Each structure stands twice: as structure tokens, then as C-alpha cells.
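Overview (structure and organization)
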Amino acid sequence: MPLCSPALAPMPIYHLSELHSEIASSPSQWRPLVFTNGCFDLLHVGHVRYLTVAKSLGRSLVVGLNSDRSVQTIKPTLPGFPSRPIVPEAQRAELLAALKPVDAVVIFAETTATDLIAILKPDIYVKGGDYRLETLPEASTVLDYGGKIELVQVEIPTSTTAIVNRILQNNR
């Protein structure tokens, strides 16, 4: 069952075990399952375009969201910001869950999504075109169970770092 605030409609934000059970009990509702993951720190149009393309590859889209702790491990600090993420994980999860292409969000604490992928076994694992198969840590896990990997090229007119730098320059 998705997590939610009492005053809000249920958001499709799951604990991993609940999501796994949901997919296993209703495979025709979820499969082909597309999975992607990331920090999604400051949500921007590039993220929306990317998630829209990812969703178009299957029936459902699950987004693995890096926890605050894992973002602190994998993302460099930005000038003027003591640490990342800028937006806390619960808020990032809610924003993602509210997007039309996203069917489920699951937060994970590891620096890679390998464990999530091993459990959920998505039919298609999607990453941006700036990644390379040979350097993608999750690739061998996906290929071992027979999943497919798609590296999608989406025009992304901005990035979280670019947004932060623009804010800092305007405040000088």
C-alpha cells in the first residue's frame, strides 16, 4: 500500500517490500515494468522529459530515488550549499510521485540501484544517454536475469547544478 499523508490522497510512494508484493500479485497491471533511478534533487523539465520517454517504453514506470544519505555520498557539494541534497527525500519523492508518467517511487539508501533491481527485476532499465553500458554499475544485474537496458537521449536544457549556479550568480 502506498504511503500518504492523512490529508492527501495516497501517493504511489512505496517501501521496497510492499512494491515487490504489489508487482508480484498484479503482474499484468505492472509489466512490462520500466525502472530508472536517480537523485532528482531539483526537479526540472529535463527530468520530466526523461521520465516521459522512460514511461513510453513499458506499461508502468518505477523510479528508485536516492535517499538523502546516498545523495550526500555520490553528489559533490555546490558552492553556497553546505551539502546535498537541496530538497529532502520525502519532498523529492512526493514531487516525483505526482508526475503523470510515474507509477511508483521507492527510496533506497545504497549508492547504486543494484539491490532494488535484483529484487524488482524490471523488464527494462532506463538511464540517460550520458551513461555508458560498460560503466553502469547496475548493468550486469539487469543482464543476468535477462532484462533489457535502454540508454535514452533526451534534450535536457538545464541541470540541477546549472540552476543552482544561476541562483548564486543572481544573488551576488
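As shown above, the structure is provided for reference.
Treat the numbers as computed from the prediction; the structure is a model and nothing was measured.

Each helix and strand counted, the protein chain has eight helices and six strands in total. Going from the N terminus to the C terminus, the protein chain shows its helices and strands as β-α-α-β-α-β-α-α-β-α-β-α-β-α. The burial tally for the protein chain puts 44% of its 172 residues in the buried class. Total accessible area computed for the protein chain in this model is approximately 9,100 Å², and 55% of it derives from carbon and sulfur atoms.

With that out of the way, let us pick up the pairing of strand β4 (residues 104–108). Of all the five residues making up β4, four are buried; the element is thus mostly covered by neighbouring parts of the structure. When strand β1 (residues 13–14) meets β4, the two strands line up parallel, connected through two bridges. Within the sheet, the bridge partner assigned to Ile13 lies in β4 and is Val105. Relative to β4, strand β3 (residues 60–66) runs parallel, the two being bridged by five bridges. Paired with Leu65 across the two strands is Ile107, which belongs to β4.

Attention now moves to the environment of Ser21. Mapped onto the elements, Ser21 comes out in helix α1 (residues 16–25). Note on Ser21: relative accessible area 45%, which makes it partly exposed. Here the alpha-carbon distance between Ser21 and Leu120, two residues 99 residues apart in the chain, equals 9.5 Å.

Right, let's talk about the nonpolar core for a bit. One finds Leu51, Leu61, Val63, Leu96, Val102, Val105 and Val126 to be the most contacted residues of the largest nonpolar core, which totals 20 residues. Elements supplying a minimum of two residues to this core: α3 (45–55), β3, α5 (89–97) and β5 (124–128). With sequence-adjacent residues up to four places away left out, Leu51 is seen in contact with Thr36, Phe40, Leu61, Val63, Leu96, Leu99, Pro101 and Val102. Grouped together as the second largest cluster of nonpolar side chains are 19 residues, Tyr14, Ala113, Leu116 and Val142 included.

Here we take up unusual backbone geometry. For the bond running from Arg31 to Pro32, omega is 5°, close enough to zero to count as cis. Of note in this structure, Phe40 is not a glycine but carries a positive phi near 45°. With respect to the helices and strands, the residue Phe40 is situated in the loop between β2 (33–38) and α3.

Cut-offs and rules
Residues numbered from 1 in each chain as written. Predicted model: local features only at pLDDT ≥ 70, side-chain atom pairs only at ≥ 80, totals over all residues. Heavy atoms only, no water. Helix = DSSP H or I, 4+ residues; strand = E, 2+ residues; numbered from the N terminus. Buried < 20%, exposed > 50% of the residue type's maximum accessible area, 1.4 Å probe, protein only. Areas by Shrake-Rupley, 256 points an atom, 1.4 Å probe, with all protein chains shown as cover. Pairing = 2+ DSSP bridges. Core = buried A, V, L, I, M, F, W, Y, C linked by side-chain atoms within 4.5 Å. Contact = heavy atoms within 4.5 Å.

Structural measurements only, silent on function.
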